[in-house]
Amino acid sequence: MKEQKFSTAIKANMELILKEQLSLSAKIDFAQVAAFIPYVYSADRLFLIAAGRSGLALKAAAMRLMHFGLKVFVVGEITTPAITAGDLLIAASGSGTTASILTAAEKAVKAGAKVLSFSTTLDSPLAKLAAHTIILPAAQKEDHGKSISEQYAGSLFEQGLWLLTDAIFQTMWAEKEVPAEVLWKRHANLE
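Residues numbered from 1 in each chain as written. Predicted model: local features only at pLDDT ≥ 70, side-chain atom pairs only at ≥ 80, totals over all residues. Heavy atoms only, no water.

Asks: I'm lost on the pairing of strand β4 (residues 114–119) in this one. Help?
Replies: On a regular strand, one side chain projects to one face of the sheet and the next to the other, so that they alternate. Where burial is concerned, most of β4 is hidden: 5 out of the 6 residues are buried. Relative to β4, strand β3 (residues 88–92) is paired through 5 bridges, and the arrangement is parallel. For L89, the partnering residue across the bridge sits in β4 and is V115. For the crossover from β3 across helix α5 (residues 99–110) to β4, the handedness is right-handed. (Buried < 20%, exposed > 50% of the residue type's maximum accessible area, 1.4 Å probe, protein only. Helix = DSSP H or I, 4+ residues; strand = E, 2+ residues; numbered from the N terminus. Pairing = 2+ DSSP bridges. Right-handed = clockwise from strand over helix to strand, strands pointing away.)

Asks: So what exactly am I meant to see when it comes to the environment of S95 here?
Replies: One can find S95 in the loop between β3 and α5. We classify S95 as buried; its relative accessible area is 19%. Taking C-alpha positions, S95 is 15 Å from Q159, a pair spaced 64 residues apart along the chain. For S95, the side chain forms a polar contact with the side chain of T97, separated by 2.7 Å. (Polar contact = N/O pair within 3.5 Å; in protein donor to acceptor, adjacent residues only side chain to side chain.)

Asks: Just checking my understanding: could you explain the packing of helix α4 (residues 52–67) against helix α7 (residues 155–176) for this structure?
Replies: When two helices pack together, their arrangement is given by the angle between their axes and by how far apart the axes lie. Remark: α4 packs on α7, axes separated minimally by 8 Å, with the N-to-C direction vectors making an angle of 10 degrees. Taken together, the axes of α4 and α7 are roughly parallel relative to one another. Between α4, through R53, S54, L56, A57, L58, A60, A61, R64 and L65, and α7, the contact on the second element is made entirely by S155, F157, E158, Q159, L161, W162, T165, D166, F169 and M172. Residue classes in the contact of α4 with α7 are distributed as 11 nonpolar, 4 polar and 4 charged. (Axes fitted to C-alpha atoms, helices over the stretch in contact; angles between N-to-C directions. Parallel < 35°, antiparallel > 145°, perpendicular 65-115°, else oblique. Contact = heavy atoms within 4.5 Å. Nonpolar A, V, L, I, M, F, W, Y, C, P; charged D, E, K, R; others polar.)

Asks: I tried to follow the pattern of salt bridges on my own but got confused; where do I start?
Replies: Where charged atoms from two side chains of opposite charge approach closely, those side chains can pair. Tallied over the full model, the rule gives 5 salt bridges. Between E158 and R53 there is a salt bridge; the shortest N-O distance is 2.5 Å. In this pair, E158 sits in helix α7 while R53 sits in helix α4, placing the two residues 105 residues apart along the sequence. Of the charged contacts, one joins E77 and K59 as a salt bridge, the two residues approaching to 3.4 Å between their closest N and O atoms. Separated by 18 residues along the polypeptide, E77 in the loop between β2 (72–74) and β3 and K59 in helix α4 bring together distant segments of the chain. By relative accessible area, which is 40% here, E77 ends up partly exposed. For K59, a relative accessible area of 40% translates into the label partly exposed. (Salt bridge = Lys/Arg side-chain N within 4 Å of Asp/Glu carboxyl O.)

Asks: Which parts of the structure should I look at to understand the nonpolar core?
Replies: The tendency in soluble globular proteins is for nonpolar side chains to be buried as a group. In terms of nonpolar packing, the biggest core is built from 33 residues, with F36, L46, L48, I90 and F118 touching the most fellow members. Element by element, the count of residues in this core is highest for α7, at 7 residues. Every residue in contact with L48, bar those within four places of it in the chain, is listed here: L58, A61, A62, L65, V72, F73, V74, V75 and I90. (Core = buried A, V, L, I, M, F, W, Y, C linked by side-chain atoms within 4.5 Å.)

Asks: Quick question: what am I supposed to make of the packing of aromatic side chains here?
Replies: To describe a pair of aromatic rings, you give the distance between the ring centres and the angle between the ring planes. Applying the stated rule across the entire model yields 4 aromatic pairs. Seen in terms of ring centroids, F68 and F169 are 5.2 Å apart; in terms of plane orientation they differ by 50 degrees. Their pairing is tilted. Residue F68 is found in the loop between α4 and β2, and its partner F169 is found in helix α7; the two are separated by 101 residues along the sequence. Since its relative accessible area comes to 15%, F68 is described here as buried. We classify F169 as buried; its relative accessible area is 8%. (Phe/Tyr/Trp six-rings, centres within 6.5 Å; stacked < 30°, edge-to-face > 60°.)

Asks: I would appreciate a short explanation of the side chain of S124 in the present structure.
Replies: Summarising the element assignment, S124 is placed in the loop between β4 and α6 (125–129). Of the residues examined, S124 reaches a relative accessible area of 2% and is grouped as buried. Polar contacts involving the side chain of S124 include one to the main-chain amide nitrogen of A127, which spans 3.1 Å. When residues no more than four places from it in sequence are discounted, the contact partners of S124 are S95 and G96.

Asks: Any chance you could explain α4 here in plain terms?
Replies: Helical geometry note: an α-helix holds 3.6 residues per turn, so side chains three or four residues apart project in the same direction. The end-to-end C-alpha separation of α4 is 23 Å, in line with the 22 Å expected for 16 residues at 1.5 Å each. For α4, the set of buried residues is S54, G55, A57, L58, A60, A61, A62, L65 and H67. Buried residues along α4 sit in contact with α3 (36–42), β1 (46–50), β2, β3, α7 and α8 (180–184). A positive backbone phi angle near 90 degrees is found at G69, which sits one or two residues after α4. (Expected span 1.5 Å × (residues − 1).)

These figures capture arrangement, not role.
In structure tokens form, the structure reads like this:
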């Protein structure tokens with residue numbers, strides 16, 4: 001009996017998540033998002049940073065960007081080199097106030113690199129450091145009022161970040177017309 005109750009609730013929650021993502025998508029300024037691609041193409045190397053579940057979403061984006069043959073590093077990994085002028089730091093923070101991400105953005109700017117950020121607001125220290133900010137109009141992790149999202153904490157932002165970076169990858173892939181077989185040759189083979 002409980003399994004039926006759980007299956008009904010899971011289905012309803014899946015539909016809630018999809019509904020919220022469709023609503024989020026309708027509010028995104030895709031001209032603002034499109035500016036991401038020239039920043040990526042003009043950078044010598046890409047460095048990606050985010051914390052928690054947003055960090056997982058950006059690691060997924062890092063993998064897709066690597067498939068293009070771009071030089072991509074995830075900040076915090078032991079083999080990540082120093083950022084320098086000509087590089088791009090891609091940072092995600094819903095609030096734009098996450099201390100570790102702000103520190104990395106400050107260091108990137110000081111080194112002469114550009115910062116591109118994903119956030120829920122332009123009114124944040126991260127947005128002020130960024131050359132360009134893409135707004136995902138989602139709830140921040142401490143927004144518990146459920147006025148923007150019925151999901152827990154920053155789930156809408158984190159899911160939206162993953163989906164949006166996948167949409168960006170799909171756009172780049174279509175624009176470059178690189179066969180999947182070519183990209184696949186760069187896929188991890190030590191799994």
